[in-house]
Amino acid sequence: MVTIKDISKALGVSPATVSKALNGYSDINPQTAERIRAAAKEMHYLPNIAARQLKTNRSHNIGVLFVDATNSGLTHEYFAAILNSAKETFEKLGYDVTFISDTIAGTKASFLEHARYRNCDGVLIASVDFTSPQVVELVKSEIPTVTIDYPFNDKSAVMSDNLEGQYELTKYVLEMGHRRIGLIHGEMTMVTKKRLNGFRRALKEFGVELNPMYEKAGAFHDVMRTAEAVRELMALPEPPTILMCPDDYAALGALTELEKMGLRIPEDISITGYDGINLSQVIRPKLTTYFQDSTGIGHQSARKLVEEIEEKDSCTAEQIMIRGKFLPGHSVKDLREEA
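In this text, all values refer to a predicted model and were calculated from it rather than measured experimentally.

What counts as what
- Residues numbered from 1 in each chain as written.
- Predicted model: local features only at pLDDT ≥ 70, side-chain atom pairs only at ≥ 80, totals over all residues.
- Heavy atoms only, no water.
- Salt bridge = Lys/Arg side-chain N within 4 Å of Asp/Glu carboxyl O.
- Buried < 20%, exposed > 50% of the residue type's maximum accessible area, 1.4 Å probe, protein only.
- Helix = DSSP H or I, 4+ residues; strand = E, 2+ residues; numbered from the N terminus.
- Expected span 1.5 Å × (residues − 1).
- Contact = heavy atoms within 4.5 Å.
- Polar contact = N/O pair within 3.5 Å; in protein donor to acceptor, adjacent residues only side chain to side chain.
- Pairing = 2+ DSSP bridges.
- Axes fitted to C-alpha atoms, helices over the stretch in contact; angles between N-to-C directions.

(A) Region of interest: the pattern of salt bridges. Under the defined criterion, the tally for this structure stands at 18 salt bridges. The partner of Asp 102 in a salt bridge is Lys 108, with the nearest N and O atoms 2.9 Å apart. On the accessibility criterion, Asp 102 (24% relative accessible area) is partly exposed. On the basis of relative accessibility, which here comes to 61%, the residue Lys 108 falls in the exposed class. A salt bridge links Arg 303 to Glu 307; the nearest nitrogen and oxygen atoms lie 3.1 Å apart. On the criterion of helical spacing, the pair formed by Arg 303 and Glu 307 is a turn pair, its members being four residues apart in helix α12 (residues 294-310).

Structure representation (structure tokens):
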């Protein structure tokens, strides 16, 4: 491997000057620094990781905890976009990414043990059962953590504004004249609780009474559970005029089930999704949904975690809310025209 001494010898400068140039010090001539960096790139120089760890007392390795209950893995559009954005940000800030789990070399271990085994400077917790004792243990440990869409006391979290997002989506549905609104929500997580608050707030503002018959528990990213909820709702004596699904992917299950019933979207029944994934905007009719800024969530969570690591003594824990935007689509019928 090429060393600092090799670059020093090739350019006729001291090893200290090369080190300063490669580490961004400002007390050397800018032209010299640029010449050194160009030579390092040409000679395929890579920093000595072990030496950097000794010098900084950091591994520059970030652990990512991602346990997807839907078994979609990195095909889960929302979380895949978050993790990809976070990875890019971590790399720009000089950190590598390692996925952690509850297994080390085939042997069961806690998340905390795995993070320590991998010598992680910090852990980004993207999707998991946040009430799990293993997760709580990790969050309460000496390792800096940032969570996504779930706040712990005195810990940093980056969250999509689910309350406001569901409120805006429901408000639009109500403005379009819908009153029999079938709501299919995901598992009873913090995200779902926030969305239910937004949904009920919109109903209250419009003076619409909440009807428990029109509310069904489904699951995020689960087309089968959504289809089952659709069958139950459409079998009611007065079925809904619109179905609000927990996410865009789950909405595909609703669309398929409604097509089996011979119903047209939006002429016979309206539908909405949530997330604003690319697929939602290319299917026909284009899905009315709420876009979550997954790229912004990933970037901000990575930035905050690095801040927690590098400025541990002065960094303040905070809850960072990321706003999304409403996407009108063409899947909601305007019932005011029939009033």
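(B) View of unusual backbone geometry. Residue Pro 266 is bonded to the preceding Ile 265 through a cis peptide linkage, with omega at 0 degrees. Here Pro 266 shows up in the loop between α11 (248-260) and β11 (270-272). A positive phi angle, close to 55 degrees, is found at Asn 119, a residue other than glycine. Note that Asn 119 resides in the loop between α6 (111-117) and β5 (122-127). In this structure Asn 119 comes out as partly exposed when scored by relative accessible area, which is 42%.

(C) Seen up close, α11. Over its 13 residues, α11 extends 19 Å from the first C-alpha to the last, a length consistent with the 18 Å expected when each residue adds 1.5 Å. Regarding α11, the residues found buried are Asp 248, Ala 250, Ala 251, Gly 253, Ala 254, Leu 255, Glu 257 and Leu 258. Looking at the buried positions of α11, the neighbouring elements they touch are α10 (223-234), β10 (242-244), β11 and β12 (289-291). A distance of 3.1 Å separates the backbone nitrogen of Tyr 249 from a side-chain oxygen at the start of α11, and that oxygen is part of Asp 247. Positive backbone phi, approximately 75 degrees, marks Gly 262, located one or two places after α11.

(D) Representation of the sheet that holds strand β6 (residues 145-148). Spatially, β2-β1-β5-β6-β7-β13 is the arrangement adopted by the six strands of the open sheet, whose pairing is parallel. Since the sheet does not close on itself, it has two edges, and those belong to β2 (96-100) and β13 (319-322), each with one partner. The average angle at which neighbouring strand axes cross in this sheet is 20 degrees, direction not considered. As defined by bridge partners, strand β7 (residues 156-160) adjoins β13 across four bridges and the pair is classed as parallel. By the bridge assignment, Ser 160 is partnered in β13 with Ile 322.

(E) Geometry of the sheet that holds strand β9 (residues 215-217). Within the open sheet, the four strands sit side by side as β9-β8-β10-β11. Their pairing is parallel. The open sheet terminates on both sides in strands that have one partner only, identified here as β9 and β11. On average, each strand axis in the sheet is tilted by 15 degrees relative to the strand beside it, whichever way the strands run. In this sheet, β10 lies alongside strand β8 (residues 181-185) in parallel orientation, the contact comprising three bridges. Residue pairing in the sheet places Ile 181 in a bridge with Ile 242 of β10. Together, β8, β9 and β10 form the strand contacts of α10, whose direction differs from that of β8 by roughly 155 degrees.

By themselves these figures say nothing about function.
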